[in-house]
Amino acid sequence: MNELTQVDLLNNDSALFNIEFNNLKKFYTFYDENEIWNFIKIHPGIIVLLNEYEKYLKKYFFNAVFELRFDEDCSGTWFDLIVLTVWVDEETFYNGSMEYISKINRELRPLRRKLNLLGEVSLTKRILK
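Residues numbered from 1 in each chain as written. Predicted model: local features only at pLDDT ≥ 70, side-chain atom pairs only at ≥ 80, totals over all residues. Heavy atoms only, no water.

## Notes on the overall build of the chain
- Check the secondary structure of the chain and you find 6 helices and 4 strands.
- What you see for the chain is a C-alpha radius of gyration of 14 Å, in line with the 14 Å of a compact globule of 129 residues.
- Each principal axis of the C-alpha atoms in the chain carries an extent, and together these give about 45 × 35 × 25 Å.
- Out of the 129 residues belonging to the chain, those deemed buried represent 41%. (Helix = DSSP H or I, 4+ residues; strand = E, 2+ residues; numbered from the N terminus. Rg over C-alpha atoms; globule rule 2.2 N^0.38 Å. Buried < 20%, exposed > 50% of the residue type's maximum accessible area, 1.4 Å probe, protein only.)

Have a look at this one:
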């Protein structure tokens, strides 16, 4: 199914939106679920994008934890975004994780453009302790 059609369905079917949002929790840890829900409700294409991220993250990061956090712009809503943090062990952090993140960002840039989500999701890494 076309990604823009998926977004239209998510926009127009609240039950489908809730199902797809809850499915994200099978893979991602939510730091602040209510804020994430509110932001994704405004930008339902993020669900489509996060489903694509999941495929790449599974491929490149085997023992990682994937956390979603809402980051609010204090100067207004212009730069609000969802931060997707890949929590990895120290060895992974220093040995190739940045290259994988760069590759994922490059691969998903066309989809982000198509969904008009160039600034709504940020991918980063941290050391899992």
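Here the narrative resumes, following the displayed structure.
## Looking at the packing of aromatic side chains
- Per the stated rule, a full pass over the model turns up 9 aromatic pairs.
- Considering the side-chain rings of F27 and F66, the 4.6 Å spacing of their centres and the 15° angle between planes classify their relative orientation as stacked. Taken together, the residues span a long stretch of sequence, with F27 in the loop between α2 (14–24) and β1 (29–30) and F66 in strand β2 (residues 65–71) at a distance of 39 residues.
- A residue is classified by how much of its surface remains accessible, and F66, at 5% relative accessible area, is buried.
- Each member of the aromatic cluster is reached from another via a ring pair, and the members are F17, F21, F30 and W37. (Phe/Tyr/Trp six-rings, centres within 6.5 Å; stacked < 30°, edge-to-face > 60°.)

## Some details on the sheet that holds β1
- If you trace the 4 strands from one edge of the open sheet to the other, you get β1-β2-β3-β4, paired in mixed fashion. Every other strand in the sheet has two partners, leaving β1 and β4 (121–127) as the edge strands with one partner each.
- Bridge analysis of β1 against β2 gives 2 bridges, and the strand direction is parallel. Opposite T29, over in β2, you have E67 as the bridge partner.
- The sheet contacts of helix α3 (residues 33–42) involve β1, β2 and β3 (81–88), and relative to β2 the element is tilted by about 70°. (Pairing = 2+ DSSP bridges. Contact = heavy atoms within 4.5 Å. Axes fitted to C-alpha atoms, helices over the stretch in contact; angles between N-to-C directions.)

## Quick look at the pattern of salt bridges
- Counted according to the given criterion, the structure contains 5 salt bridges.
- One salt bridge connects E67 with R69, and the closest N-O pair in it is separated by 3.5 Å. (Salt bridge = Lys/Arg side-chain N within 4 Å of Asp/Glu carboxyl O.)

## Describing the packing of α2 against helix α4 (residues 45–60)
- Here α2 crosses α4 at 35°, and the two axes come no closer than 10 Å. Handedness of the α2/α4 crossing: left-handed. Facing F17, E20, F21 and L24 of α2, the residues of α4 in contact are I47, L50 and N51. (Left-handed = near helix turned anticlockwise from the far one by under 90°.)

## What about α3?
- Among the residues of α3, I36, F39 and I40 are the ones counted as buried. Seen along its axis, α3 keeps its buried residues to an arc of 95°; they face one direction. Turned more than 90 degrees from where α3 packs its buried face, N34 and I42 sit exposed.
- Taken together, the buried residues of α3 touch α2, β1, α4, β2 and β3. (Arc of directions from axis to C-beta.)

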